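This is what each chain is made of:
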Amino acid sequence: MKSIITYSRRLNDKKIFGIFLTIVTLFILIPLLQVLFLSFSSDSEYLKTLTETGLLYKGFLNTLELILKVAFLSAGIGFILSYIMTFYKIKFQKLINILLILPLGIPVYVAAYTYSNIYFNLPLLESLFRNNFFMNGAVFIYVMFLYPYVYIAAKSYLSKYLTEYIESARTLNKSNLSIFFKIILPLSRPVIIGAVLFVIFETLSDFAVVEYYGQLTLSRYINIAWFNQGDIHTASRLAIYILLIMFVLISGERLSRKNKRYSDSNTASKPYNKETVSLFGYIISYLFILFVITLSFALPIYQMIKSAILNRSYIDRLDIVELIYNTLLVTIISIFLIICVSLVITTIVNYMKGTKKQLVSSIFVMGYSIPSMVLALGTYLFFIRFDQFIYPYLKNIGINTMLITSSIIIVVFAFFFKFFSIAFSNMMSSYSKVDPSLFEAAETLGENKLSTMFRVNVPILKKSIIGISIILFIDMVKELTLVYSLRPFNFKTLSTEVYRYAGNEMVEVAAFPSLIIILLCSLLIIYLE
C-alpha cells in the first residue's frame, strides 16, 4: 500500500483522472448505445406480427397498467406504515420495523413461486389472485415485496423534516386528519414519488413474475424475442419502448416538481414526540401491520420452510455448495470492481463544479433506472461483437473460446452497469457529509489528488464503503434477469436454480435455494438496521 501511495504522488493526477473518467463514462453508456443503435434496424417479421395482431399494443397497455397499479398500492401501503411507525407509540417498534423491511430480502420471483402453493388454501388470497385488478396475482406480488422501498424512504423523511411544520399546525388547532392531508402528504410527495420510481424500476426489470402469472408485458416480450425467437432487433426495439416509459415517468415527476421546495434543511433532525393512539386506532394499526407482515414475510417463509422439510431428499441433487460458491464468486468480484471504480469516480466528480458535474453525475446514476432485461441485451450485443473481433487473435495463441461471453466476466460487467449507480450515489452522499477542508489540508501538505484519495478519502469513507458493499451484495444475490440472460453454459447460481426448478413445476424443491437467498439478505438487512 505504501508503494502505491508513493508512486501515486509522482503521477500527474489531472491527466490520469481525466482519462479514467472518460473511459468509465463511455463504458457506462455502452449497453444503452448498443440497444439504441440496433433499434433503428428495419422491422423483423416477428415485430410485424406483434404490431399487426395488436399484441404489441396490448403488451404496452399491460405494462402501463401493471406499473401504475403497483405504484399506487405500494405507495399507499408503504406511506401509511411509515406514518403509523413515525407518529404513534407502538409496542415492539424496533422488531416491527425490522419485520416491515425484511420483505426486501425476498426476491419477487421467489415470492411468486411460493404463493402458487399458498393461495389455493386461502379463499381471500385466491379471490385476490383470480381478480383481474391484480392481474392474476402479479400486482399483489410486486406490491407486497417492494413496498419497503416506500416505507424506508418515507419513514426516514417523516422522522427528520416535518416536526416544526406539524407543531405549527397544532398551535392553530388543526386535527390529525387535516395535518395529514394538508401538510404531511403534500410535503412528502417528492419522497413518495422517488421511492415509487424505485418500485417501478424493479417491476420493469423483472420478467419471471409476469411470465409465471401469464402477463404479457414488454419485458416478457423482450424475453420471448431474444431467447425464443432469437430476434435481437425486435428485442432492442421493445427495449427502447420501455426506456421511453421510464423517461416519461421521470420527466413528468421533475416537471411537476419544478423549483418547488418541500423541506428546509434547518428543520432536520428534530425528534417528534410520538402520540398515544386511541384504543380503536391501536387495534386498527396493529391489525394493518400484522396483515402486511403476515402476507409479505411470515406466510411465504412458513411455506418455504415447510416445503424444504417435506422435500429434504432433494438437497443432495441441488449441489448447494456449488450454487453458493458461484453466487458469492460473481457477487464479490463485482462488488470489488464497483467499489474501486466508484471511489476514484466520486473523488473526480467532487472536484468538479456546475453543469459539468451535474451532467457526469446524471450519467453515472442512470444505470439502476434501466430495466435489467434492457441492460442484459445491451451488454450481450456489445461483448458478443467484441469477442468476435478478438477471437481470431486469441485463436492464434491457442485460445478457442469466446473470452467474455463464455465466462462470468460478462455477468460481472452487467452487474457493474446495473449497480454502479448505487455505489456512486451513496458514496457521493457520504462525501457531502465530510468537511472539504480535510481534503484541502492534505493537498496543502504536498499530497496530490490521487494520493489524497488513498491516504484520506478511503479511511474516512471506510464505514460507508462497508455499508454500500452490503447493499450491493443484497441486490446482486437476488438478481435473476442479468444472471439468467448472460451466464455462461452450465453456470448455476442460487437465483437461476430457483427459476429453473419453479419453471419445471418443482416449486417445493426451489424452496432450498430460495431460503438461502432470503437468509443471506435478511441477516444483512438486520445488520444494516
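Quantities reported herein were computed from a predicted structural model and do not represent experimental measurements.

1. Some thoughts on the overall build of the protein chain
So, point 1. A count of helices and strands for the protein chain gives 26 helices and zero strands.
So, point 2. Of all intrachain contacts in the protein chain linking residues separated by at least 6 positions in sequence, the fraction that spans at least 24 positions is 84%.
So, point 3. Total accessible area on the protein chain is roughly 25300 Å²; 65% of this is exposed by carbon and sulfur atoms.

2. A few points about the packing of aromatic side chains
Any aromatic ring pair is given by two values, namely how distant the centres are and how the planes are angled relative to each other.
So, point 1. On inspection of all chains with the given rule, the structure shows 35 aromatic pairs.
So, point 2. Ring plane angle 75° and centroid distance 5.3 Å describe the contact between Phe27 and Phe413, whose orientation is recorded as edge-to-face. Of the two residues, Phe27 sits in helix α2 (residues 13–39) while Phe413 sits in helix α20 (residues 409–432), which places them 386 residues apart along the sequence.
So, point 3. Members of the aromatic cluster, joined through ring pairs, are Phe27, Phe364, Phe382, Phe383, Phe386, Phe413, Phe416, Phe417, Phe420 and Phe424.
So, point 4. Here the basic side chain of Lys418 rests over the ring of Tyr368, its NZ or CZ set 4.9 Å away from the ring centre.
So, point 5. The positively charged end of Arg500 is found above the aromatic ring belonging to Tyr501, 4.7 Å away from the centroid.

3. Quick look at the nonpolar core
So, point 1. Ranked by internal contacts, the top residues of the largest apolar core, which has 179 residues, are Tyr115 and Ile141.
So, point 2. The greatest single-element share of this core, amounting to 15 residues, is contributed by α20.
So, point 3. Ignoring anything within four residues of it in the chain, the contact list for Tyr115 reads Leu125, Phe129, Phe140, Ile141, Phe145, Tyr213, Leu295, Ser296, Leu299 and Pro300.

4. Notes on the packing of helix α19 (residues 372–396) against α20
So, point 1. Two numbers describe how α19 lies on α20: the axes approach to 10 Å, and their chain directions differ by 130°. It follows from the interaxial angle that α19 and α20 lie oblique. Considering only the axes of α19 and α20, their crossing is right-handed. On α20, the residues that touch Ser372, Leu375, Thr379, Tyr380 and Phe383 of α19 are Ile410, Phe413, Ala414, Phe417 and Lys418.
So, point 2. Counted by class, the contact of α19 with α20 contains seven nonpolar, two polar and one charged residues.

5. Some remarks on the confidence of the model for the protein chain
Any residue range with low pLDDT should be treated as having predicted coordinates unsuitable for detailed reading.
So, point 1. Chain-level statistics for the protein chain give a pLDDT mean of 84 and a share of 90% at 70 or above.
So, point 2. The least confident element of the protein chain, judged by mean pLDDT, is helix α1 (residues 2–10) at 49; the most confident is helix α8 (residues 138–146) at 93.

6. A short note on unusual backbone geometry
So, point 1. Its identity as a non-glycine residue notwithstanding, Asn173 has a phi of 60°, on the positive side.
So, point 2. Inspection of the secondary structure assignment puts Asn173 in the loop between α10 (163–171) and α11 (176–205).
So, point 3. Note on Asn173: relative accessible area 72%, which makes it exposed.
So, point 4. Backbone geometry places Asn490, a non-glycine residue, at a positive phi of 65°.
So, point 5. Here Asn490 is to be found in the loop between α24 (481–486) and α25 (494–503).
So, point 6. Judged by relative accessible area, which is 55%, Asn490 ranks as exposed.

7. Considering the environment of Ile184
So, point 1. For Ile184, the location among the structural elements is in helix α11.
So, point 2. For Ile184, a relative accessible area of 2% translates into the label buried.
So, point 3. Each C-alpha atom, one on Ile184 and one on Leu162, is 7.3 Å from the other, the two residues being 22 residues apart in sequence.
So, point 4. Excluding anything up to four places from it in sequence, Ile184 contacts Phe79, Tyr83, Phe87, Leu158, Leu162, Ile166 and Ile179.

8. Brief notes about a nonpolar patch on the surface
So, point 1. A cluster of nonpolar side chains, contributed by Leu279, Phe280, Tyr282, Ile283, Ile284 and Leu287, occupies part of the molecular surface with about 630 Å² of accessible area.
So, point 2. Its place among the elements puts Phe280 in helix α15 (residues 279–310).

9. A look at the pattern of salt bridges
So, point 1. Across all of its chains, the model carries three salt bridges by this definition.
So, point 2. The residue Arg220 makes a salt bridge to Glu211 at a minimum N-O spacing of 3.5 Å.
So, point 3. Between Arg500 and Glu497 there is a salt bridge, with its nearest N and O atoms 2.8 Å apart. Taken together, the residues Arg500 and Glu497, both in helix α25 and three residues apart, mark about one turn of the helix.
So, point 4. You can call Arg500 partly exposed: its relative accessible area is 37%.
So, point 5. What makes Glu497 buried here is its relative accessible area of 2%.

Rules behind the numbers
- Residues numbered from 1 in each chain as written.
- Predicted model: local features only at pLDDT ≥ 70, side-chain atom pairs only at ≥ 80, totals over all residues.
- Heavy atoms only, no water.
- Helix = DSSP H or I, 4+ residues; strand = E, 2+ residues; numbered from the N terminus.
- Contact = heavy atoms within 4.5 Å.
- Areas by Shrake-Rupley, 256 points an atom, 1.4 Å probe, with all protein chains shown as cover.
- Phe/Tyr/Trp six-rings, centres within 6.5 Å; stacked < 30°, edge-to-face > 60°.
- Lys NZ or Arg CZ within 6 Å of the ring centre and 35° of its normal.
- Core = buried A, V, L, I, M, F, W, Y, C linked by side-chain atoms within 4.5 Å.
- Buried < 20%, exposed > 50% of the residue type's maximum accessible area, 1.4 Å probe, protein only.
- Axes fitted to C-alpha atoms, helices over the stretch in contact; angles between N-to-C directions.
- Parallel < 35°, antiparallel > 145°, perpendicular 65-115°, else oblique.
- Left-handed = near helix turned anticlockwise from the far one by under 90°.
- Nonpolar A, V, L, I, M, F, W, Y, C, P; charged D, E, K, R; others polar.
- pLDDT = per-residue confidence, 0-100.
- Patch = residues over 30% accessible without salt bridge, like charges linked within 9 Å, V, L, I, M, F, W, Y side chains within 5 Å.
- Salt bridge = Lys/Arg side-chain N within 4 Å of Asp/Glu carboxyl O.

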